Every structure is written in structure tokens, then in C-alpha cells.
Amino acid sequence: MAPGKTIKAKIKKTLPVTGPQAPTVSELMHWYCMNTNTHGCRRIVVSRGRLRRFIWILLTLSAVGLILWQCAELVMSYYTASVSVTVQFQKLPFPAVTICNINPYKYSAMKEHLSELDKETKNALETLYGFSEGKSKVRRDADDWNSTESKFLERIPLLKFKDLYKKTATEIPSGNKRKIETNVFHQGSSMVNTGDPQDVVGFQLVSSVPTSDCAVYTFSSGVNAIQEWYKLHYMNIMAQIPLETKVNMGYSAEDLLLTCFFDGISCDARNFTPFHHPLYGNCYTFNSGENGKVLTTSTGGSEYGLQVVLYVEEADYNPFLVTSTGAKIIVHDQHEYPFIEDIGTEIETATATSIGMHFTRSHKLSKPYSDCTETGTDIPVANLYNKSYSLQICLHSCFQRAMVDTCGCAQYAQPLPPGAEYCNYKKYPNWMYCYYKLHEKFVKEQLGCQQICKEACSFNEWTLTTSLAQWPSSVSEVSSHQGLLSLSLPRTDLANLVVFYKDLNERFISENPANNIVILLSNFGGQLGLWMSCSVVCVIEIIEVFFIDSFFIVTRRRWQKAKRWWNDRKAAPTQEPPQGNAPAREGHDNLACTDEDLPTFNTALGLPVPHENHMLRTPPPNYNTLQLDAAFTDPLPDTLEGRSH
């Protein structure tokens, strides 16, 4: 064997072997953990302390388990060739449908309370237009129109302007001239004018008797001006009538509803929940959910919706309050208040009205994504309607609260706040002027209600499609002698209404954040993996080394420094200060230079001599007994051969 190979073989036997050539599995695993890029395995080996090592073992095994589980799922999904078919029969909740007669109260029952107001209104119309009501209709019959008293016109005078710039007006119906020295507010125009395009009709509102603060509100249409004037006095009168009396003067469910079908099954007035609306009197809600049960439908089409026939009794309408005939409905959620005066749909008489619906659920994200509210509890406005929060409820409640705070009383068209009462000019003479001024600020967004109130984040919406057809037809009117037409009711008093789902496709509109914690972590992981080849275990390792370990090292060093400072401070008072008259020590007085003993390590460095009662120490070794052992006990053959030569 060559000498080089012999030496190499001898070194292999003597030196420790690591790496894949390790003699034992334990050494192989140790080498792998110290040299692998898998950070968890390395941390298991180098971690100090059983707790840390146990934590790293647990984290590493958990990561391995998750990897195996995900890989198994991927493999199973890859080799799976099955197909799943899901058949679902969907049911949609049917909305609440509120129905009101356009005429709030029967005129025959209200005539006693409105007789004087109707007389003055009739005289104003005759003076302005030169015509009187026909006596052929029962609903326009009134006794003794030529009354000399005009208390309503004296309180709020009706004025006719020939020229607004001259600010001279003629009182209606007296014809007296009056000079206007106050602000004039024009409330809009209409296609029905007084005859002369330059003629403008309005009324004057006065703040209070001691002051001259007043305003004139004008309209391009005399009909609109008189109707608005009539409504002011009408609300003032109705605010003084008890609720029970007003309910009795309105239309009952049996009067309004003649027939009813839902989902092909007959229904009646017992399926409608009554409630009193200040402007529309007795209204009735189908599927109100008051008993906790909401009706659903599983089939679309007009045959499976709500079908009702309404009787409006046009002959008993108030001729000065309403100018149209029919009913008004609104489709809404069971938890919402029906603002029928704002978004209601009018139903014509002698007409079949079909309303097809599409259902949409909407959900918006609240702060910081949008300025909406979940429940309305964060809005500083008290809910007066006892229903779920909505933007309209907030606006109406805010205006009513401002009305009570500013004018001292509540407006009749909205619910009463606690401790308040409705306005009437017997107790509050200037409430009408205050109401108009406040409403003007509300429209101009000067009250702050539009800034306080927010939209609701979640709401249900029904998109309506309306179609009309003449009903009943002349053929059915002649040939049918059963059911409704056998009662000989006039067509102008009947209205047919059908509310149904056009299809059962429910739309759900939801806002989702473009960035969330999952996307953020994924982006971080992608950047760390791309540029630094880091994983979750690597991040944990960095946290352990650079934060936990560094913190403990800095803390330990500061503690040791503070401890040394404290010990030095305690030892300082015990040392005696040097005497002023002590003789100076010379070099020969240094103990390190004495010849009695050999110099030691302490004397060589000039350290103080230890006390006599020093502790026993390990004696120095006897250097004569030390021997050097050769690394190789037996001489190598090639070395001996070289020496012999």
C-alpha cells in the first residue's frame, strides 16, 4: 500500500466522521439538523432549555402535520372524478303590503268638524275662479255657504298679487287692498293658474302679535295655494280630536277590503293589521309579522301573490283635501315603518293594477369603509317610530325634535315625542309660522339633520314594476251576476290590486373589503419567500433570536451592571482613607520586590496581598510529572523504513 493511502486510512479511523458517512443514525440526524435549511429542525438542536426545545418540536410537528393533510387533500381532489348536483327549492319571504284610502276620513263623519273651514274655502274658490260647486254630487253638499264669519281667513289671510315687485295684494274674498312689507317666499308653480299668468296667490303667516315678523308664501296656482291653506287649518283641527274618534271616522277593514286571496288561498280582514296614519287615517298591513310569523311564497307569478279588490267610496271624499280618487299602497319590510306619504304608490279606480316584484338584500360595510350605521344606536337622534332604524325615520325624528325644541309643540304628521303635544293655534298661535320657517331650514339642510343621520348598512328592497289594465271590462260587467258586480257598485269605487313575485331570484349585494388580514399575511409571505426564502417557522425563529433572546441578554447585562454598582457602593464606606502623615512607600517596600518568596501571579501584577486566613487553594501542578503522549502510539512502518535508509 502506498504511504499516502496508509496515512489517509489511519486518519479516517482516528478522526470523527460527520455527514452522510456518519457511523450512527443519531450523529446523522444531528448533522442534518445543524446543516439543513429547515429552520425548525435546527432550532430543536440549538435551543437551550427543555421548554424551548419542546415548543420547537411541537411547532415543527404541527407544520409537518398540516403539510401532510393539505397534500393528501390535494391528491384526493385531483383523483376524484365525481360530480355533485344540488337541487334547491327556494322560498322567499313575502313583504308587508300596507294599503290606505287616499281619503283619510269619511266626509260625512268629518263634516261637523270642518263645516266652517269648508264654507270659507268654498267662498275663496268662488271669488278666485268665479265658479261654484255642482250640487249633483252628495260629497260636495254643504249647508249655508254664505256665512259672514271668516275666522280662518282672518287668522291666515289669502292674498292675490298682481305684481310681486310692487308688493301690493288683494285679500280673498273681501277684495281689500293691502301693502306687503315683508319677505315673500315663492313655493313653486303649477299648470293650473288663476287665469292671468301674472296673478300669484299666497297666504300670510305672522310670528306673534307683539312683533311684526311675518312672511308671505305664494304659489303660481290658486288651487295649490288654497289647498295648502286648507291643510294647515285641517291639521290644526285634527290635532285636537281624540285618536279614538278619528279611528271611528275612518274606513274599517270590512269597508275597504272586499275580496282577498294569497297564494291561491282565500283571506279576509283578519289577515290585515290596522294602524292609524296621521295623514291617511286607517291603514291596513298584510303580512305585518306582528305575531312573529312571516308568510313566504315558493312560486312566482300573479296567481300566487296577493290579490285584493278595494272599495274606496268616492262619494264620501273630502272635496277640498284630496284631488284624486283611489288607494295608496307601499311594499316594505316587516320591521320598517311604511312612509306611505313619501314613497307610496297610488292605485287607480276602475283599473286592475299588477305590481311585479324583485327582491334584493343589501349589506354595506360600516366604518372605516363607509359612513353607515348598523343599528342606529350611534346616532344621537331618538327613534320615534318604534321600528327598525332607517334614514327616513332618523330625518323625520330629527325634524320633530327640532319642532318641539323651537316651536314648543309637535307637528301633526309625525309621532309625538315623550312629553310633547300636537300644535294648535289655541295654545300656540304662531306655530304655523314657526313650522314653515323650520321646514325651510330643513330643506336647505341648515338644521343639521342631514349631517347627523346616516344610511342603514343592511336593508331589504323590493323593486316594483307596475302595469295597468281597465277593470272590469264591459263584457264581464254585463254577463256577471255573481260576486262583486251583483252588489251594483260603481266602477269608479272599485280597484283591483295584485302584488306578486315575478320570479324567485333573490339578489344579494354585499360589500367585502378589498384587503383583509388573510390577504395581508399572504402578501407578506409572498414577499418574504421571494426575497429571503422565509417561512412562518423562519419568522418565529427571527422573533425568538432578535427579540426574546436579545431582550434577555440586554436585561441580564443591565442587571449585572446594576449589581456591581450596588456592591461597589456598599463597599466604598468600609475602606479607610489614606493618612495624611503616612510616609511614602518606596520601591523596596513593595512586597512584590522582597526576596523572601518567589514572585507569584498576584505580586507580579501588584495586587494586594491576601489576608492570613485565606481559603485553601489547589496547589500548582508538578511540571516534572507531566508527559506528552504521542498521537500515534505505534510508529508507522513507512516512517521506520525511511529512518533505516
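The residue numbering used here restarts from 1 in each chain and proceeds along that chain's sequence as written. Only residues with pLDDT of at least 70 are given local features in this predicted model, and only at 80 or more are side-chain atom pairs given and counted; all residues enter the totals for whole chains, interfaces and linings. As a convention, hydrogens and water are excluded, and side-chain values are obtained from all of the structure's heavy atoms.

The chain has the name Sodium channel epithelial 1 subunit gamma in an unreviewed UniProt entry, where Chelydra serpentina is given as its organism. UniProt positions are given in the numbering used here, feature names are shortened, and annotations may be inferred rather than shown by experiment. The chain has a UniProt comment under Subcellular location (unreviewed entry) that states "Apical cell membrane". Taken directly from UniProt, the Catalytic activity (unreviewed entry) text for the chain runs: "Na(+)(in) = Na(+)(out)".

1. So, the layout of surface pockets
Empty space among the atoms can be located by rolling a probe the size of a water molecule over them. The way it works is a 1 Å grid over only the protein atoms, where trapped points that fit a 1.4 Å probe form a cavity and open points with protein on both sides within 12 Å along at least five of seven lines form a pocket, and then any residue with an atom within 4 Å of a point lines it. Grid points are joined across faces, edges and corners, and a volume is the space filled by probe spheres set on the points. What the largest pocket holds in volume is close to 1,200 Å³. Taken together, 36 residues form the lining of the largest pocket, with Glu-228, Lys-231, Leu-279, Gln-411 and Tyr-435 sitting closest to its centre. Secondary structure counts use DSSP, requiring at least four H or I residues in a row for a helix and at least two E residues in a row for a strand, with both numbered from the N terminus. If you list the elements that add at least two residues to the lining of the largest pocket, you get strand S8 (214-219), helix H7 (222-238), helix H10 (340-343), helix H11 (391-407) and helix H12 (431-443). At 7 residues, H7 tops the list of elements feeding residues into the lining of the largest pocket. Looking at the lining of the largest pocket, its residues break down into 19 nonpolar, 9 polar and 8 charged. Counted as a void, the second largest pocket has a volume near 820 Å³. Considering the residues around the second largest pocket, the lining is formed by 27 residues, among which Glu-336, Ser-390, Gln-392, Phe-459 and Asn-460 are closest to the centre. If you list the elements that add at least two residues to the lining of the second largest pocket, you get strand S15 (327-332), H11, strand S19 (455-456) and strand S20 (458-470). Gly counts as polar in this scheme, as do all residues outside two lists: the nonpolar Ala, Val, Leu, Ile, Met, Phe, Trp, Tyr, Cys and Pro, and the charged Asp, Glu, Lys and Arg.

2. Some details on the state of the cysteines
Criterion for a disulfide: a pair of cysteine sulfur atoms within 2.5 Å. Enumeration over the complete set of coordinates arrives at 7 disulfides. A sulfur-sulfur separation of 2.0 Å characterises the disulfide bridge that pairs Cys-394 with Cys-453. Taking the sign of the torsion about the S-S bond as the criterion, the disulfide between Cys-394 and Cys-453, at about -80°, is left-handed. Of this pair, Cys-394 sits in helix H11 while Cys-453 sits in the loop between helix H13 (449-452) and S19, placing them 59 residues apart in sequence. Its relative accessible area of 3% is what places Cys-394 among the buried residues. The disulfide that involves Cys-407 links it to Cys-434, with 1.8 Å between the sulfurs. Between Cys-407 and Cys-434 the sulfur-sulfur dihedral comes to about -85°; the bridge is accordingly left-handed. Working definition: with a 1.4 Å probe on protein chains only, accessible area under 20% of the residue-type maximum means buried, over 50% means exposed, and in between means partly exposed.

3. Regarding helix H3 (residues 39-46)
Looking at H3, one finds that the buried residues are Gly-40, Cys-41 and Arg-43. Along H3, the residues classed as buried sweep out an arc of 165° about the axis, all on the same side. Directions drawn from the helix axis to the C-beta atoms are what define this arc.

4. Quick word on the nonpolar core
In these notes, a set of buried Ala, Val, Leu, Ile, Met, Phe, Trp, Tyr and Cys residues joined through side-chain atoms within 4.5 Å is what counts as a nonpolar core. Core analysis: the largest hydrophobic core is formed by 68 residues, its most contacted members being Phe-203, Trp-229, Tyr-234 and Trp-431. The set of elements that each furnish at least two residues to this core consists of helix H5 (107-129), helix H6 (151-155), strand S7 (200-206), S8, H7, H11 and H12. With 9 residues, H7 is the largest single contributor of residues to this core. Of all hydrophobic cores here, the second largest spans 29 residues; its members include Ala-253, Phe-286, Val-331 and Leu-504.

5. A look at the packing of H7 against H12
Geometrically, a packed helix pair is captured by the angle between its two axes and the distance between the axes. Throughout, an axis means a line fitted to C-alpha atoms (over the contacting stretch in the case of helices), and angles, computed between N-to-C directions, take values from 0 to 180 degrees. At a closest axis distance of 12 Å, the pairing of H7 and H12 adopts a crossing angle of 120°. Regarding the angle of H7 to H12, the classification is oblique. Taken as a pair, H7 and H12 cross one another with a handedness that is right-handed. Along its contact with H7, which presents Glu-228, Leu-232, His-233 and Asn-236, the element H12 presents Trp-431, Met-432 and Tyr-436. Of the residues that constitute the contact of H7 with H12, the class distribution is 4 nonpolar, 2 polar and 1 charged. Angle categories: roughly parallel below 35 degrees, roughly antiparallel above 145, roughly perpendicular from 65 to 115, and oblique for all the rest. Handedness of a helix crossing follows the sense of rotation of the near helix relative to the far helix, less than a right angle counterclockwise being left-handed and clockwise being right-handed. Contacts are residue-level and defined by heavy atoms, with any inter-residue pair within 4.5 Å sufficient.

6. Focus: the side chain of Asn-282
Positionally, Asn-282 belongs in strand S12 (residues 281-286). Between N or O atoms, a polar contact is any pair within 3.5 Å; within protein, one atom must be a potential hydrogen donor and the other a potential acceptor, and residues adjacent in sequence are included only when both atoms are from side chains. Reaching out from Asn-282, the side chain makes a polar contact with the backbone oxygen of Val-247 at a distance of 2.9 Å. Among the polar contacts made by the side chain of Asn-282, one reaches the main-chain carbonyl oxygen of Tyr-251 at a distance of 3.3 Å. Once you skip the residues sitting within four places of it in the chain, Asn-282 turns out to touch Pro-104, Val-247, Gly-250, Tyr-251, Phe-275 and His-276.

7. Some details on H5
Here H5 is 23 residues long, yet its end C-alpha atoms lie only 24 Å apart, well below the 33 Å a rise of 1.5 Å per residue gives. Fitting one axis to the seven residues ending at a residue and another to the seven starting there, the bend at that residue is the angle between the two axes. The axis of H5 is deflected most strongly, by about 80°, at Leu-114. With its phi angle positive at about 75°, Gly-130 sits one or two positions after the end of H5. Expected helix span is taken as 1.5 Å per residue step, with the number of steps being one fewer than the number of residues.

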